[in-house]
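# A look at the structure
Each chain is listed here by its residues.
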Amino acid sequence: MSDQIKIRNLEVYAHHGVYPEETKLGQKFLVDASLCTDTRKAGFTDNLRLSVDYGAVCHFISEYMKTHTFKLLEAVAEHLAEAILQDIPGVRRIDLEIKKPWAPIALPIETASVAISREWHTAYLSIGSNLGDRVGFLQYGLKRLSENPQLRGVKVSSFFETEPYGYADQGMFVNAAVVLQTLYTPYELLVFLQKV
């Protein structure tokens, strides 16, 4: 997807920083955001409801940065990107840069910044159980998937029964296939699934 809505140098006065004076007094931050979305329908219909409202996104960014406090620019960027992807419909990916014009380093500098890219990924899972309440275990796992805000659009196939393979001296399996959207990296998704 190559369509983007871009926000450049949005000024936000907020209270982020490692030093106590920064979180107490606050300072100016500049935010750049490229919102990857599909603008085709809005372009043909001239209808804002079919696009991402950049004005609403600007207010969302400002409010989020003013009501949350972090020590590191990395944390501001990570949490803000996640919030935008979870809360703003139509944003598939965000390229976000948080700039700090008044970085306290005792040297002349225009800005210090952190830039990240985050997006929804498609993941495919195979699930199965051959112990105890096989269907109940799978339903529990699917419920945990649907409750996690880092995942969305969880779709599951019908359950089907299969014979064991390899070590065949065990009970029949109940299996299913799952497709979902996730903000996790593959490793982070694996860690979450292993916990479930």
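Quick note: structure is the one above.
A few points on the structure. Since the structure is predicted, the reported quantities are computational estimates derived from the model, not experimental observations.

### Observations concerning the sheet that holds strand E4 (residues 112-119)
- Sheet architecture is open: four strands sit in the order E1-E2-E3-E4, paired in antiparallel fashion. At either margin of the open sheet sits one strand with a lone partner, and together these are strand E1 (4-14) and E4. The mean inter-strand angle of the sheet, taken between neighbouring strand axes irrespective of direction, is 15°.
- Here strand E2 (residues 27-36) pairs with strand E3 (residues 93-100) via seven bridges, running antiparallel. Pairing of Ala33 across the sheet is with Leu96, part of E3.
- Each of E1, E2 and E3 is contacted by helix H3 (residues 54-67), which is oriented at about 35° to E1, the strand it contacts most.

### Describing the packing of H3 against helix H4 (residues 73-87)
- Where H3 meets H4, the closest approach of the two axes is 11 Å, and the angle between their N-to-C directions is 135°. Between H3 and H4, the interaxial angle falls into the category oblique. When the axes of H3 and H4 are compared, the crossing they make is right-handed. For the pair H3 and H4, contact is made by Phe60, Ile61, Tyr64 and Met65 and by Val76, His79, Leu80, Ala83, Ile84 and Asp87, respectively.
- Counted by class, the contact of H3 with H4 contains eight nonpolar, one polar and one charged residues.

### Section: helix H5 (residues 134-147)
- Given a rise of 1.5 Å per residue, 14 residues ought to cover 20 Å, and the 20 Å separating the end C-alpha atoms of H5 matches this to within 8%.
- Along H5, the residues classified as buried are Gly136, Leu138, Gly141, Leu142 and Leu145.
- Against strand E5 (121-129), strand E6 (151-156), strand E8 (173-182) and helix H6 (186-195) lie the buried residues of H5.

Reading guide: rules and limits
- Residues numbered from 1 in each chain as written.
- Predicted model: local features only at pLDDT ≥ 70, side-chain atom pairs only at ≥ 80, totals over all residues.
- Heavy atoms only, no water.
- Pairing = 2+ DSSP bridges.
- Helix = DSSP H or I, 4+ residues; strand = E, 2+ residues; numbered from the N terminus.
- Axes fitted to C-alpha atoms, helices over the stretch in contact; angles between N-to-C directions.
- Contact = heavy atoms within 4.5 Å.
- Parallel < 35°, antiparallel > 145°, perpendicular 65-115°, else oblique.
- Left-handed = near helix turned anticlockwise from the far one by under 90°.
- Nonpolar A, V, L, I, M, F, W, Y, C, P; charged D, E, K, R; others polar.
- Expected span 1.5 Å × (residues − 1).
- Buried < 20%, exposed > 50% of the residue type's maximum accessible area, 1.4 Å probe, protein only.

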